[in-house]
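Listed here are the chains, written in short residue letters.
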Amino acid sequence: QGMHETFGSTCHGAGRALSRAKSRRNIDYKEVLDKLEQIGIAIRVASPKLVMEEAPESYKDVTDVVDTCHAAGI
């Protein structure tokens, strides 16, 4: 039934938990870089703004999203 209701489509990512603007206001880019470095991830970006906007905290928990899709039959 979910397949019929969604035309065979589903989400392509977890989706944002925070808007880009809210991420920039509430997340410290240095803290994000430190957390990523602690788990062995190094990044280079043109602007600290991008670090804040794309921080893991800016996105929904992917497990919750997958569980919701599964429960909906999609």
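As a reminder, the structure under discussion sits directly above these lines.
Owing to the predicted nature of the structure, the values given are computational and were not obtained by experimental measurement. (Residues numbered from 1 in each chain as written. Predicted model: local features only at pLDDT ≥ 70, side-chain atom pairs only at ≥ 80, totals over all residues. Heavy atoms only, no water.)

Chemist: Would you mind going over a negative patch on the surface with me for this structure?
Modeler: Negative charge collects at one region of the surface, where Asp28, Glu31, Asp34 and Glu37 lie side by side. Within the secondary structure layout, Asp34 lies in helix α3 (residues 29–38). In this structure Asp34 comes out as partly exposed when scored by relative accessible area, which is 43%. (Patch = residues over 30% accessible without salt bridge, like charges linked within 9 Å, V, L, I, M, F, W, Y side chains within 5 Å. Areas by Shrake-Rupley, 256 points an atom, 1.4 Å probe, with all protein chains shown as cover. Salt bridge = Lys/Arg side-chain N within 4 Å of Asp/Glu carboxyl O. Lys, Arg positive; Asp, Glu negative; His and termini not counted. Charge placed at Lys NZ, Arg CZ, Asp CG, Glu CD. Helix = DSSP H or I, 4+ residues; strand = E, 2+ residues; numbered from the N terminus. Buried < 20%, exposed > 50% of the residue type's maximum accessible area, 1.4 Å probe, protein only.)

Chemist: What should I look at first to understand the pattern of salt bridges in this one?
Modeler: It is possible for side chains bearing opposite charge to pair when their charged atoms get close. Within the structure shown, the criterion is met by 5 salt bridges. The partner of Glu57 in a salt bridge is Lys35, with the nearest N and O atoms 3.4 Å apart. Of the two residues, Glu57 sits in the loop between α4 (48–53) and α5 (62–72) while Lys35 sits in helix α3, which places them 22 residues apart along the sequence. For Glu57, a relative accessible area of 35% gives the class partly exposed. You can call Lys35 partly exposed: its relative accessible area is 45%. Residues joined in a network through salt bridges with shared partners are Arg16, Arg20, Arg24, Glu53 and Glu54.

Chemist: Looking at this structure, how should I read the environment of His12?
Modeler: Assignment of secondary structure puts His12 in the loop between α1 (2–6) and α2 (20–26). Considering only alpha carbons, one finds His12 and Met52, 40 residues apart in sequence, at a separation of 21 Å.

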